[in-house]
Amino acid sequence: MQLLQLTMDKWRGKVAVVTGASSGIGAAVARSLVHHGMVVVGLARRDDRIKQLSEELAAAKEPGQLHAIRADVCKEEDLLSAFDWVDRELGGVDVLVNNAGYWSHVGIDDGTVELWNKILNTNVIGSSICSREYLKSVEKHKKEVGHIFVVNSVVGHIVMVDSPMYCASKHALRALSMCLRRKLADQQSKIKDICPGLTKTEILDNTTRQDMFDHMSCLASEDVAAVIVDCLSASSVTQICEVVMNPVPTSIAAY
């Protein structure tokens, strides 16, 4: 633990933007980064939850800070406003955690354009907008070191027949991460694709088949947050391109 703290000291005072920070993995990541002294800007529609978490962390005298900004990742204007605030008030972004996601079992045969758009806009377009604005911020403020984390899913490695549009969005997100990583390789930018298996978060509330998860082993949000901290604490000469996580023991190999 002491060695980890020493390697995380280089991030003290640095700025991280975390999307979907009101619950689940996003909230766990925000809490962990604040614990390690980072200034975290949490984006979510339910900003009241982030404000409550910020008050808890301040009361616990954690060394970092947590700012709450209300933003819907499906709305470009919300994201542009959020990154503009970070640029003006905090001097730009050092770390981006693209975490916000939406899951629905809607298929091709029974789906609606509205639901398809919600899945793709949240999981793919929103993440792309944040990555674009992050890169603009890094260039504007001449940041020498930066990291983009994409909290994806193991579904981006398999075919999930019952959730084809969600599955497609995760494959797309993985492909976009790989393309961006290669494009920025000459600039020594660090992009990491985090692919957790089934994780117990509120995203499961969006499915009508919650009973299927009752007997499955699940990761905790804190498990994913710990991996992001591990990646940040890695040596500067280490490029961790992708992390695939599965709960142990797991009840279904496919997930």
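Treat the numbers as computed from the prediction; the structure is a model and nothing was measured. (Residues numbered from 1 in each chain as written. Predicted model: local features only at pLDDT ≥ 70, side-chain atom pairs only at ≥ 80, totals over all residues. Heavy atoms only, no water.)

## Things to note about the overall build of the protein chain
No. 1: The secondary structure content of the protein chain amounts to 7 helices and 7 strands.
No. 2: Listed by position from the N terminus, the elements making up the protein chain come as α-β-α-β-α-β-α-β-α-β-α-β-α-β.
No. 3: Expressed as a percentage of its 255 residues, the buried residues of the protein chain come to 49%.
No. 4: Taken as a whole, the protein chain presents about 12,500 Å² of accessible surface, with 52% of it coming from carbon and sulfur. (Helix = DSSP H or I, 4+ residues; strand = E, 2+ residues; numbered from the N terminus. Buried < 20%, exposed > 50% of the residue type's maximum accessible area, 1.4 Å probe, protein only. Areas by Shrake-Rupley, 256 points an atom, 1.4 Å probe, with all protein chains shown as cover.)

## With respect to the packing of helix α4 (residues 76-90) against helix α5 (residues 113-140)
No. 1: Packing of α4 against α5 leaves a shortest axis separation of 10 Å and a crossing angle of 25°. By the criterion of interaxial angle, the relationship of α4 to α5 is roughly parallel. Crossing of α4 against α5: the hand is right-handed. Where α4 abuts α5, its residues Glu 76, Leu 79, Leu 80, Phe 83 and Asp 87 lie against Gly 126, Ile 129, Cys 130, Arg 132, Glu 133, Tyr 134, Ser 137 and Lys 140.
No. 2: Residues that form the contact of α4 with α5 fall into these classes: 6 nonpolar, 2 polar and 5 charged. (Axes fitted to C-alpha atoms, helices over the stretch in contact; angles between N-to-C directions. Parallel < 35°, antiparallel > 145°, perpendicular 65-115°, else oblique. Left-handed = near helix turned anticlockwise from the far one by under 90°. Contact = heavy atoms within 4.5 Å. Nonpolar A, V, L, I, M, F, W, Y, C, P; charged D, E, K, R; others polar.)

## Description of the confidence of the model for the protein chain
No. 1: Averaged over all residues, the pLDDT of the protein chain is 84; the fraction at 70 or higher stands at 82%.
No. 2: Low pLDDT, under 50, characterises residues 195-204; the predicted model gives this stretch 51 contacts beyond four residues in sequence or across chains.
No. 3: Of the regions scoring below 50 in pLDDT, residues 250-255 engages in 15 contacts with residues more than four places distant in sequence or in other chains. (pLDDT = per-residue confidence, 0-100.)

## Describing the packing of aromatic side chains
No. 1: Throughout the structure, instances matching the rule amount to 1 aromatic pair.
No. 2: Ring centres of Trp 103 and Tyr 166 lie 5.4 Å apart, and the angle between their planes is 25°; this geometry places the pair in the stacked category. Of the two residues, Trp 103 sits in the loop between β4 (95-98) and α5 while Tyr 166 sits in helix α6 (residues 164-183), which places them 63 residues apart along the sequence. Here Trp 103 matches Tyr 166 in class, with each residue buried. (Phe/Tyr/Trp six-rings, centres within 6.5 Å; stacked < 30°, edge-to-face > 60°.)

## Details of helix α2 (residues 24-35)
Residues separated by three or four positions in an α-helix point in the same direction, a consequence of the helix having 3.6 residues per turn.
No. 1: Here α2 is 12 residues long and its end C-alpha atoms lie 17 Å apart, about the 16 Å a rise of 1.5 Å per residue gives.
No. 2: Within α2, 9 of the 12 residues are buried, which leaves it mostly tucked inside the rest of the structure.
No. 3: All buried positions along α2 are accounted for by Ile 25, Gly 26, Ala 27, Ala 28, Val 29, Ala 30, Ser 32, Leu 33 and Val 34.
No. 4: Of the residues one or two after α2, Gly 37 is the one with positive phi, at around 90°. (Expected span 1.5 Å × (residues − 1).)

## Observations concerning the side chain of Asn 123
No. 1: By the element assignment, Asn 123 lies in helix α5.
No. 2: Residue classification places Asn 123 among the buried positions, given a relative accessible area of 1%.
No. 3: Reaching out from Asn 123, the side chain makes a polar contact with the backbone nitrogen of Tyr 102 at a distance of 2.7 Å.
No. 4: Among the polar contacts made by the side chain of Asn 123, one reaches the side chain of Ser 169 at a distance of 3.0 Å.
No. 5: In this structure, Asn 123 is in contact with Ala 100, Gly 101, Tyr 102, Tyr 166, Ser 169, Lys 170 and Leu 173, ignoring residues within four places of it in sequence. (Polar contact = N/O pair within 3.5 Å; in protein donor to acceptor, adjacent residues only side chain to side chain.)

## Brief notes about the pattern of salt bridges
No. 1: Under the counting rule described, the total for this entry stands at 11 salt bridges.
No. 2: For Glu 133, the salt bridge goes to Lys 136, with nearest N and O atoms at 3.4 Å. Residue Glu 133 and its partner Lys 136 are located together in helix α5, separated by 3 residues, close to a single helical turn.
No. 3: Classification of Glu 133 by relative accessible area gives buried; the value is 11%.
No. 4: In this structure, the salt-bridge partner of Glu 242 is Arg 174, at a minimum N-O distance of 2.9 Å. (Salt bridge = Lys/Arg side-chain N within 4 Å of Asp/Glu carboxyl O.)

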